[in-house]
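Spelled out from the first residue to the last, the chains are:
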Amino acid sequence: MATLISADDTWLMWAVLFIFATTAIFLEQRFKWAERISGPVIGLILAIIAVNFRILPTDSAVYDAVWTYFIPLAVAMLLFRADIKTIVRNTGKMFFLVNVASLGTLIGVIIAFFIFRGKIPELDKVAGVITGSYIGGGVNLFAVASSVNISQTMLSAEIVADNFIMALVIFLTLWMPTSAFFRKHYPHPIEDEIAKRGTGGKSATMTAQFWGRKEISLLDIALTVGTAFLIVVVATKISGLLGRAFAPGEGAGFWQGLPSLIFGNQYVMLTIVSTFAVSLFPKYFAGLKGAQEVGTYLIYVFFVVIGCPANIKDVLLNAPFLFLFCGIIAAMNIILNLLAGKLFRHNLEEISLTSNASIGGPSTAAAMAVAKGYDKLVVPGILIGLWGYIIGTPLGLIMSRWFEQFME
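What counts, and at which threshold
- Residues numbered from 1 in each chain as written.
- Predicted model: local features only at pLDDT ≥ 70, side-chain atom pairs only at ≥ 80, totals over all residues.
- Heavy atoms only, no water.
- pLDDT = per-residue confidence, 0-100.
- Helix = DSSP H or I, 4+ residues; strand = E, 2+ residues; numbered from the N terminus.
- Axes fitted to C-alpha atoms, helices over the stretch in contact; angles between N-to-C directions.
- Parallel < 35°, antiparallel > 145°, perpendicular 65-115°, else oblique.
- Left-handed = near helix turned anticlockwise from the far one by under 90°.
- Contact = heavy atoms within 4.5 Å.
- Nonpolar A, V, L, I, M, F, W, Y, C, P; charged D, E, K, R; others polar.
- Core = buried A, V, L, I, M, F, W, Y, C linked by side-chain atoms within 4.5 Å.
- Buried < 20%, exposed > 50% of the residue type's maximum accessible area, 1.4 Å probe, protein only.
- Salt bridge = Lys/Arg side-chain N within 4 Å of Asp/Glu carboxyl O.

For Glu 122, which is not glycine, the phi torsion reads 50° and is therefore positive. One non-glycine residue, Arg 345, lies in the positive phi region at around 55°.

Structure representation (structure tokens):
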């Protein structure tokens, strides 16, 4: 469908994405109401409005470029301060929570399947694809989809619904740690620490104080960006080599293909290479300045892109039941995680991040952790998202095969 800005109008597309991201940062640092909503959510909302008023297209090579290049570079920069001790200390609780969230996805899929059986075509295949997607993100979505041979029509409709619900989940998980209701019922030490860090300044918001002016040189920017590119290149090359080395033969089962899926994954290697480099040269990486700022700006652009495929009209016209189907599954993921978090007194920040990682994957988890200022949770968020990569595909295939017997 025609839009005011064409998908191939590359310069204008890039300009809008950066302007939306910059507007979100400006508002977040100037106004209390915008800070409560959070800059990433503002950027996401601007994109949803622009898409649904036919200003921006739902698909563009520019969006693909953000996913392909911005996120690896941003993640690399944000891992410059990766501390193995932090991972050991914090991942334990979050590992438990992300498995609870995955269980919530499975329960939600079962409930939604029997509610909408007979109302959605190829529901057994759709359910398997959604299971994989909401236990690890897009990597599992396409892996399961290619394995169950879902039709392109249903896959397209599923992706539209999936992206829109994922955008809502990101909105919700970003908002929860600042909500008075959730803060009343859950401990929130990281938010308290951020609040203390931000008090006493003259800036309009705590966010503005946190991101205040810092001494930085041209050499700092050059070293930061250059190092990030080097790490991404090394990680990408290694993942490509290992992916080919472990490539399963024709007709091989899932387990034979598991080594290639894990070690051939760019983000697995990116995490390994980054943390290894930081551990090997701690003084060098500790001295780099600007990595957090540049990486975070790229993350804000990413949040704008997340809202772009969310064409509400397409979902309502082509797959209204699919929209509800995805919503039920995502809701069960978050609800079960909240219940487990309440029972075991986990932090609100960890609960929110694990649901984000489960449904969106390691990229959105890292984006949320950075955007919210949860520096200690960036690496754990990526790691639990990668765990979703490992378990999401087999669980999606199992659920699809199980649901097949109930199809008429």
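What follows picks up the thread again.
As a further point, take the confidence of the model for the protein chain. Scored by pLDDT, the protein chain has a mean of 85; 89% of the residues are at 70 or more. Of all helices and strands in the protein chain, the one with the weakest mean pLDDT is helix H17 (residues 312–318) (63), whereas helix H1 (residues 10–30) scores best (94).

This paragraph deals with the packing of H1 against helix H3 (residues 39–52). Following both chains from N to C, one finds H1 and H3 inclined at 135°, their axes separated by 8 Å at the closest point. With respect to H3, the axis of H1 lies oblique. Viewed along their axes, H1 and H3 form a crossing whose handedness is right-handed. On H3, the residues that touch Phe 20, Thr 23, Ala 24, Leu 27 and Glu 28 of H1 are Gly 39, Pro 40, Ile 42, Gly 43, Leu 46, Ala 47 and Ala 50. Residue composition of the contact of H1 with H3, by class: 8 nonpolar, 3 polar and 1 charged.

Among soluble globular proteins, nonpolar side chains are generally buried collectively. Counting 121 residues, the largest nonpolar core has Leu 17, Leu 56 and Phe 325 as the members making the most contacts within it. The residues contacting Leu 17, other than those within four sequence positions of it, are Val 62, Tyr 63, Val 66, Val 301, Val 304, Val 305 and Cys 308.

The next subject is the pattern of salt bridges. This structure, assessed with the given rule, holds 4 salt bridges. For the salt bridge of Arg 183 with Glu 191, the shortest nitrogen-to-oxygen distance reads 3.8 Å. Arg 183 sits in the partly exposed class, given a relative accessible area of 25%. Arg 183 is the partner of Asp 192 in a salt bridge, and the nearest nitrogen-oxygen pair spans 3.8 Å. The structure contains a network of salt bridges with shared partners spanning Arg 183, Glu 191 and Asp 192.

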